[in-house]
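Coordinate analysis (summary)
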Amino acid sequence: NRNLCAAPVNGIGSKADPRWDNFRRNLGYILRYSRKLNLANVAPSSSLCSTHYCLAQTPSAGAEYLAYAPFGGAFTIDLSAMPSSRKLTVEWFDPASGETVSQNSIPAGSSSQSFRAPFTGDAVLYLVDAEGHK
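Residues numbered from 1 in each chain as written. Predicted model: local features only at pLDDT ≥ 70, side-chain atom pairs only at ≥ 80, totals over all residues. Heavy atoms only, no water.

Rolling a probe over the atoms, with the probe sized like a water molecule, indicates the empty space that remains. Of the pockets and cavities examined, the largest pocket occupies roughly 370 Å³. Only α1 (21-36), β2 (54-57) and β3 (64-69) provide two or more residues apiece to the lining of the largest pocket. Element by element, the count of residues in the lining of the largest pocket is highest for α1, at five residues. In terms of residue class, the lining of the largest pocket is made up of 15 nonpolar, two polar and one charged. (1 Å grid on protein atoms, 1.4 Å probe; cavity = no way out; pocket = protein on both sides within 12 Å on 5 of 7 lines; lining within 4 Å. Points joined across faces, edges and corners; volume = space filled by probe spheres on them. Helix = DSSP H or I, 4+ residues; strand = E, 2+ residues; numbered from the N terminus. Nonpolar A, V, L, I, M, F, W, Y, C, P; charged D, E, K, R; others polar.)

Right under this line is the structure:
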């Protein structure tokens, strides 16, 4: 029962099985952020984000954070690795719809910066020091 597509030919369906559409979309979302992040430099850091789901690199210039809030709502991120003179661009991603929402840049430097997604449900937040990001 592994291949439940209609009328398979040699075990291969003639078109994509719609049951896997959500999976394919999510692989695309992962690819999108893997191209934004400097994956060679980010590392998991459960201590930087109150949700405990965060990939980050935290130099004094060029920092970036990818945080996941599994239930949305309010959460905090420690942005104190960078001075408050640096600005971070803010991008929200809604995994349910695939939509992104950009917001005004924020200053770095806070040890407990609060965030709340502009939509309900799961949320991903991407913060980056665009001026210093390579």
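After presenting the structure, the write-up continues.
Once that is clear, we can look at the pattern of salt bridges. A full pass over the atoms with the stated rule returns three salt bridges. When the shortest N-O distance is used, the salt bridge between Lys36 and Glu91 registers 2.7 Å. With Lys36 in helix α1 and Glu91 in strand β5 (residues 87-94), this pair connects stretches of sequence that are 55 residues apart. Assessed through its relative accessible area of 28%, Lys36 is described here as partly exposed. We note a salt bridge from Arg86 to Asp129, for which the minimum N-O separation is 2.8 Å. Of this pair, Arg86 sits in the loop between β4 (74-77) and β5 while Asp129 sits in the segment after β8 (123-128), and the two are 43 residues apart along the sequence. A relative accessible area of 1% places Asp129 in the buried class. (Salt bridge = Lys/Arg side-chain N within 4 Å of Asp/Glu carboxyl O. Buried < 20%, exposed > 50% of the residue type's maximum accessible area, 1.4 Å probe, protein only.)

Another aspect to go through is the environment of Tyr33. Among the secondary structure elements, Tyr33 is positioned in helix α1. Linking Tyr33 and Pro118, residues 85 residues apart in sequence, is a C-alpha distance of 19 Å. Filtering out sequence-adjacent residues up to four positions away, Tyr33 remains in contact with Leu66, Glu91, Phe93, Thr100 and Tyr126. (Contact = heavy atoms within 4.5 Å.)

Now for the sheet that holds β5. As summarised here, the arrangement of the six strands in space is β1-β2-β3-β8-β5-β6, forming an open sheet in which the pairing is antiparallel. The strands lining the two open edges of the sheet, one partner per strand, are β1 (43-44) and β6 (99-107). Pairing analysis gives seven bridges linking β5 to β6, with the strands arranged antiparallel. Each residue of the ladder has a partner; that of Leu88, found in β6, is Ile106. (Pairing = 2+ DSSP bridges.)

Moving on to the state of the cysteines. As enumerated under the stated definition, the model contains zero disulfides in all. Counting only cysteine sulfurs, Cys54 is the nearest neighbor of Cys49, a cysteine outside any disulfide, at a range of 5.4 Å. (Disulfide = S-S within 2.5 Å.)

Moving on: the confidence of the model for the protein. Taken residue by residue, the protein gives an average pLDDT of 89. The fraction at 70 or more is 92%. Looking over the protein, one finds the lowest element-wise mean pLDDT in α1, namely 91, and the highest in β8, namely 97. (pLDDT = per-residue confidence, 0-100.)

Attention now moves to a nonpolar patch on the surface. Together, Trp20, Phe23, Leu27 and Ile30 give the surface a local cluster of nonpolar side chains, amounting to about 450 Å² of exposed area. One can find Trp20 in the segment before α1. (Patch = residues over 30% accessible without salt bridge, like charges linked within 9 Å, V, L, I, M, F, W, Y side chains within 5 Å. Areas by Shrake-Rupley, 256 points an atom, 1.4 Å probe, with all protein chains shown as cover.)

Now for unusual backbone geometry. For His52, which is not a glycine, the phi torsion comes out positive at approximately 75 degrees. If you trace the backbone, His52 turns up in the loop between β1 and β2. A residue is classified by how much of its surface remains accessible, and His52, at 51% relative accessible area, is exposed.

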